[in-house]
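# Breakdown of the fold
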Amino acid sequence: MPMPSPTGDRAPVLRRVRRAHDQGEEHTPVTAAIAGLGITEMGKVFGRTASDFAGEAIALALEDAGLAADDVDGLLINANQSPEMVPTLQFSLGLADLTLVNVMSAFGSTAATMLQYAAHAIAAGQASVVACVYADAPLREGGSISQSGYSGRRFDAPGLAGLRFAYGDYGPANSGYAMALRRHMHLFGTTHEQLGTIAVGQRAWAQLNPAAQMRNPMTIDDYHASRWVVEPLHLFDCCLVSNGGVAVIVTSAERARDLRQPPVHLRGFGQCAPGDTGRGERDPATHTGASKAGELALRQAGIELADVDVLELYDCYTYTVLVTLEDYGYCAKGEGGDFVADGKLGPGGALPCNTGGGQLSSFYMWGFTPLSEGVIQARGQAGERQVAAHDHVLVSGNGGVLTFHSTTILSPHEGGA
Amino acid sequence: MTVTTTPSDPAKPVPVPDAHSAPFFDGARAGRLMLRRCRACDTFMSPIAGIGAPVRPRCVACFSGDLEWAASSGRGSLYSFVIMHQLYDEAFASDIPYNIAVVETDEGVRLTTQVVGCANEALVIGMALAVVFERVSDDVTIPKFRPAS
């Protein structure tokens, strides 16, 4: 696997990683499925709380599945910037007698970890209908994003936590990702022309998605002309910020068969958090956990990369898509720029990716953006933007600054047996 | 490593040293860039692991809990850098566009900081840098880096 290896005889950090997954090729098939999906209005939808969006998303997902609130015995909440995404959200929503409840946090890779937990609990008989939800309401009418919860503005941080603000290093993620992109450009010659094809391709997909926030056309010239946010990130390299909510209902594959929608089977999972020592042994800027997480998920699903028909890749920035493609093994390390340059990720391309517009152009619900579009594609319900072959959909999650990764394989076909 | 006082907009945020970070800020005031070092294997580390993280409790190489504060040589090279164009805080309005940099010290430690005495256009990954100290209030001094001669 293409993780940087420890140099010299420095104590290898890797040795601490338990390698249970490397011991054998056998994996227990997953037997859970997504039976319901709910997506609220997205974007500049003002005057509603995150809890309100969460409740509506779950209600929509239950209705989609043909289930009722009384059927829910599990609630998993994606921790995010909202102070309302706490265990007591259960009370606000009036959900009673749950046997599985938690707020989960692995930043942008959380969605898959929720699905994993739900699937395992269902297989073990500890819950039967688990609602997994993401909701946030950071945008205020008349306010700008830089004044929202995403500004990272915090003057009272004590001790060394306050040092970054003294340098003017604001924003929770922009500078970290821009730092990583600059590194990739330096090492491999990656260009804005290449990154721009990702932004343009996703906008073209968004134009086919009625639920997308950004549906006006974007050309490569528009991309180049968009202002710098944190150089080398243009505005159009960066994701949106959205008010809204998304929920999915996870249940057993068996139960899902009898429900309203075609089941979307959870066929494979993989997580990898390589860590960041802040030293030369590791370089999350250019080598992410996608390599290991992808390998684990594909193996559990019993498929190869070539079997994946649709990609829904976590896209907090264009660069995240590019480096994730490299680490999944679609091309060699450093060749991501060349790989995407022909527009193969866009509509009509050879490798359909972020088919709803992604977080760059549809809406920003962290891992629930790629997950929700993955469910829609796997069901074959994407309308104008439906990809013809959709037997296997790969969904990725990425969090921190390229330091937490998750991969999920979705399929309309049941695995195992 | 001299301590200089540069005129600084008083509205800019000034770190508030606490008991855990005092050795870092005391060192900076005395012209020393303080890092964490493992007594068991001598590995140097950044004082904190990232945004909002506490002072490192464990060695990243050998997991020893026996860490100490130790001075860096103050020399390193530019690992990566970005140019801030977005205005988040009026106190930085006249600085835009300004750089934020990650410097890899000769001890192999990456630190988020700022390069001074160098135009944005002249920043190049790999360039040699040396620490300088900037007094941002009567009590608090912070490390920055400048091109090494």
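The rules behind each value
Residues numbered from 1 in each chain as written. Chains lettered and ligands numbered in written order. Predicted model: local features only at pLDDT ≥ 70, side-chain atom pairs only at ≥ 80, totals over all residues. Helix = DSSP H or I, 4+ residues; strand = E, 2+ residues; numbered from the N terminus. Buried ≥ 20, exposed ≤ 12 C-beta atoms within 10 Å, placed from the backbone. Rg over C-alpha atoms; globule rule 2.2 N^0.38 Å. Contact = placed C-beta atoms within 7 Å. Core = buried A, V, L, I, M, F, W, Y, C linked by C-beta atoms within 7 Å. Pairing = 2+ DSSP bridges. Nonpolar A, V, L, I, M, F, W, Y, C, P; charged D, E, K, R; others polar. Expected span 1.5 Å × (residues − 1). Axes fitted to C-alpha atoms, helices over the stretch in contact; angles between N-to-C directions. pLDDT = per-residue confidence, 0-100.

Turning our eyes to something else, we now look at the overall build of chain A. Counting secondary structure elements, chain A contains 13 helices and 11 strands. Counting the 417 residues in chain A, one finds 56% classified as buried.

This part takes up the overall build of chain B. For chain B, the count of helices and strands is 1 helix and 9 strands. Traced from its N-terminal end to its C-terminal end, chain B shows the element sequence β-α-β-β-β-β-β-β-β-β. For a compact globule of 149 residues, the expected C-alpha radius of gyration is about 15 Å, and chain B comes in at 16 Å, within 12% of that figure. If one aligns the C-alpha atoms of chain B with their principal axes, the spans along those axes are about 45 × 35 × 30 Å. Here chain B holds 149 residues, and 40% of them are scored as buried. In chain B, once contacts between residues fewer than 6 apart in sequence are set aside, the share between residues at least 24 apart is 55%.

Turning our eyes to something else, we now look at the nonpolar core. In this structure, Ala-118, Cys-132, Ile-249 and Val-250 of chain A are the most contacted members of the largest nonpolar core, which totals 163 residues. Considering every element that reaches this core, the biggest residue donor is helix H3 (residues 110-123) of chain A, with 9 residues.

All names here are of chain B. Taken in spatial order, the 3 strands make up an open sheet running S3-S2-S4, and their pairing is antiparallel. In this open sheet, the two edge strands, each paired with only one partner strand, are strand S3 (44-45) and strand S4 (67-71). With 2 bridges connecting them, strand S2 (residues 34-38) and S3 associate as antiparallel partners. Across the sheet, residue Arg-36 finds its bridge partner in S3, namely Met-45.

Buried accessible area, meaning the area lost when the parts come together, often serves as the stated size of an interface. The partner chain B presents 45 residues to the 37 residues of chain A that form the contact. For the side of chain A that touches chain B, the secondary structure elements donating two or more residues are helix H4 (163-167), helix H5 (174-188) and strand S5 (228-231) of chain A. It is H5 of chain A that provides the largest number of residues to the side of chain A that touches chain B, a total of 6 residues. Considering only residue class, the side of chain A that touches chain B consists of 17 nonpolar, 11 polar and 9 charged.

The next subject is the environment of Thr-141 of chain B. Residues and elements named next belong to chain B. As for its placement among the helices and strands, Thr-141 is situated in strand S9 (residues 141-147). Classification of Thr-141 as buried rests on a count of 21 C-beta atoms within 10 Å. Counting along the chain gives 80 residues from Thr-141 to Ala-61, while the straight-line C-alpha distance between them is 30 Å.

Turning next to helix H13 (residues 368-379) of chain A. Residue and element names in this part refer to chain A. If you check H13, its first and last C-alpha atoms are 16 Å apart, about what 12 residues at 1.5 Å a residue would give, namely 16 Å. Most of H13 is tucked away: 11 of the 12 residues are buried. Listed in full, the buried residues belonging to H13 are Phe-368, Thr-369, Pro-370, Leu-371, Ser-372, Glu-373, Gly-374, Val-375, Ile-376, Gln-377 and Ala-378. Gly-380 lies just past H13 and shows a positive phi near 80°.

Turning next to the sheet that holds strand S1 (residues 32-39) of chain A. Residues and elements named next belong to chain A. With mixed pairing, 9 strands are arranged side by side in an open sheet as S3-S2-S4-S7-S1-S8-S11-S10-S9. The sheet terminates laterally at strand S3 (100-104) and strand S9 (310-312), the two strands that pair on one side only. Looking at each pair of strands side by side, their axes are set apart by 25° on average, direction ignored.

This part takes up the environment of Gln-86 of chain B. Residue and element names in this part refer to chain B. Here Gln-86 shows up in the loop between strand S5 (75-84) and strand S6 (98-105). Residue class for Gln-86 comes out buried when judged on the 22 C-beta atoms lying within 10 Å of it. Each C-alpha atom of the pair Gln-86 and Ile-96 lies 7.9 Å from the other, and the pair is 10 residues apart in sequence.

Now for the confidence of the model for chain A. Here chain A averages 92 in pLDDT, and 90% of its residues register 70 or above. Segment residues 1-18 of chain A is flagged for pLDDT under 50; beyond a separation of four residues in sequence, or across chains, it makes 29 contacts in the model.

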